[in-house]
Amino acid sequence: MRIRNVIQLHTVNRLQAFGWPLLIMCFSLAIVLAIGALVTNLGGPEARVGMNQGMQYNGAIFALLGPLIGFGFTAMGQYFPLALGLGLTRREFAAGTTAVFIGNAAFYAVIITIGKVIEVATGGFGLSIRFFDVVYTGLGEWWQTLIQTFLLILAVMLLGAAITTAFHRWGQSFLWIFWLSLAVVVLALGAGFVLSDGFRAIAVDIAAMGWLPWMGVVAALGAVGAAIWLTLVRRAQAR
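Throughout what follows, the structure given in this document is the object of discussion.

Calculation notes
As a convention, each chain's residues are numbered from 1 in the sequence order in which they are written. Where local features are concerned, this predicted model is filtered to residues with pLDDT of at least 70; where side-chain atom pairs are given and counted, the filter is 80 or more; whole-chain, interface and lining totals use all residues. As a rule here, side-chain values cover all heavy atoms of the structure and leave hydrogens and water aside. Secondary structure elements follow DSSP: runs of H or I of four or more residues count as helices, runs of E of two or more count as strands, with numbering from the N terminus. Exposure categories follow from relative accessible area, calculated using a 1.4 Å probe and restricted to protein chains: below 20% of the type maximum is buried, above 50% is exposed, and the middle band is partly exposed. Residues are treated as being in contact if the distance between any of their heavy atoms lies within 4.5 Å. Computed with the Shrake-Rupley method and a 1.4 Å probe, the accessible areas treat only the protein chains shown as cover for residues. Residues adjacent in sequence count toward polar contacts only when both atoms are side-chain atoms; beyond that, a polar contact is any pair of N or O atoms within 3.5 Å, and within protein one must be able to donate a hydrogen and the other to accept it. Nonpolar core, defined: a set of buried Ala, Val, Leu, Ile, Met, Phe, Trp, Tyr and Cys residues in which side-chain atoms within 4.5 Å join the residues together. An axis is simply a line fitted to the C-alpha atoms; with a helix, the fit covers only the stretch in contact. Between two such axes, the angle follows the N-to-C directions and lies from 0 to 180 degrees. What sets the label is the angle itself: under 35 degrees gives roughly parallel, over 145 gives roughly antiparallel, 65 to 115 gives roughly perpendicular, and the rest give oblique. Helix crossings fall into two classes, left-handed where the near helix is turned counterclockwise from the far one by less than a right angle and right-handed where it is turned clockwise. When residue character is reported, Ala, Val, Leu, Ile, Met, Phe, Trp, Tyr, Cys and Pro are called nonpolar, Asp, Glu, Lys and Arg charged, and the others, Gly included, polar. One side-chain nitrogen of Lys or Arg within 4 Å of one carboxyl oxygen of Asp or Glu is enough to make a salt bridge.

## A short note on the overall build of the protein
Helix and strand counts for the protein come out as nine helices and zero strands. With respect to the principal axes defined by its C-alpha atoms, the protein has extents near 60 × 50 × 30 Å. With 239 residues in all, the protein has 35% of them scored as buried. Taking all contacts inside the protein whose residues are at least 6 apart in sequence as the whole, residues at least 24 apart take part in 77%. In the structure as shown, the protein presents an accessible area of about 12,800 Å², 72% of it carried by carbon and sulfur atoms.

Structural data, given as structure tokens:
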């Protein structure tokens, strides 16, 4: 199987594959550091403590995670038709793309974990900021961040690939059905949370699950995405 050819297809543009995500991450980190410096100089110790606590939910890390989330869509939307045009089989493309997904998830999970270790060891780079040590990447030990980030990145890439492959299989009608169904589910959940005390209690219990059950949920979502993607890619049309 020509898996290596597929991997080269995804990574031939080194700047797009690795450079831009890391450059965007560094730019976002610089902005957070600037905010931390302003708060430190103008707000005093209490402001630094409040900033550190509030930044647990800081979404700046999505400057890195965002492009990776979109990689699953571009893998099928951009590279799948090209791969077929170059004579690669669907099985070869699926195997090579899976290897790229796993490699990307592992590489960037290590980057984020190293960043978190340095951030925690230096007290938020000396400014009490949080960039890597946030709820989305894990607030626990470094190995939890490594596992959580790996599973999160891999799951969203697989789900993105599954959605794009379904579009290749069924066209525009799938997108209408998918987004309308998603909107209905979101509205139903929102209405249940606002109007029903029992539903709200269940939602709070689910949100309060421990780290391990949540990792099981993320892994299950990734497995579902992988199953759908690998099933549909066999007959998906290149658009």
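## Points about the environment of M76
Within the fold, M76 resides in helix α3 (residues 62-85). Each C-alpha atom of the pair M76 and A236 lies 9.9 Å from the other, and the pair is 160 residues apart in sequence. With residues up to four places along the chain from it excluded, the contact list for M76 reads P81, F93, A161, T164, T165, H168, W229 and V233.

## Here's the deal with the environment of T145
Along the polypeptide, T145 turns up in helix α6 (residues 142-170). Owing to a relative accessible area of 0%, T145 belongs among the buried residues under this scheme. As a C-alpha pair, T145 and T113 span 32 residues in sequence and 6.0 Å in three-dimensional space. Residues in contact with T145, not counting those within four places in the same chain, are I112, T113, K116, T137 and G138. At a separation of 2.8 Å, a polar atom in the side chain of T145 contacts the side chain of K116.

## Structural notes on the environment of Y57
One can find Y57 in the loop between α2 (14-54) and α3. With relative accessibility at 56%, the residue Y57 sits in the exposed group. As for Y57 and D133, which are separated by 76 residues in sequence, their C-alpha atoms are 9.4 Å apart. Aside from chain neighbours lying at most four places away, what touches Y57 is V135 and Y136.

## A look at the nonpolar core
Formed by 41 residues in total, the largest nonpolar core has its most connected members in F101, F131 and W229. Looking at this core, the elements with two or more residues in it are α1 (3-11), α2, α3, α4 (90-121), α6 and α9 (211-232). With nine residues, the top contributor of residues to this core is α3. Dropping the residues within four chain positions of it, W229 is found in contact with M76, A94, T97, T98, F101, L158, A161, A162 and T165.

## What to know about unusual backbone geometry
A negative phi angle characterises most non-glycine residues, just as the trans form characterises most peptide bonds. The residue F125 is not glycine, and still its phi comes out positive at about 55 degrees. Mapped onto the fold, F125 is located in helix α5 (residues 124-128). When its relative accessible area of 28% is taken as the criterion, F125 is described as partly exposed. Backbone geometry places S128, a non-glycine residue, at a positive phi of 65 degrees. Its place among the elements puts S128 in helix α5.

## A word on the packing of α2 against α4
It is at 13 Å that the axes of α2 and α4 come closest, and there the two elements cross at 30 degrees. As the angle between them shows, α2 and α4 are arranged roughly parallel. Taken as a pair, α2 and α4 cross one another with a handedness that is right-handed. Of the residues in α4, those touching α2 at A17, F18, P21, L22 and M25 are N104, F107, Y108 and I111. Classifying every residue of the contact of α2 with α4 gives eight nonpolar, one polar and no charged.

## Concerning the pattern of salt bridges
Counted by the stated rule, this structure contains two salt bridges. In this structure, D133 engages K116 in a salt bridge whose closest nitrogen and oxygen atoms are separated by 3.4 Å. You can see D133 sitting in the loop between α5 and α6 and its partner K116 sitting in helix α4, a full 17 residues away along the chain. By the burial criterion, D133 is buried, and K116 matches it. One salt bridge connects R130 with D133, and the closest N-O pair in it is separated by 2.9 Å. There is no split in this pair, since R130 and D133 are both buried. Salt bridges sharing common partners tie together K116, R130 and D133.

Purely spatial values, then, with no claim about function.
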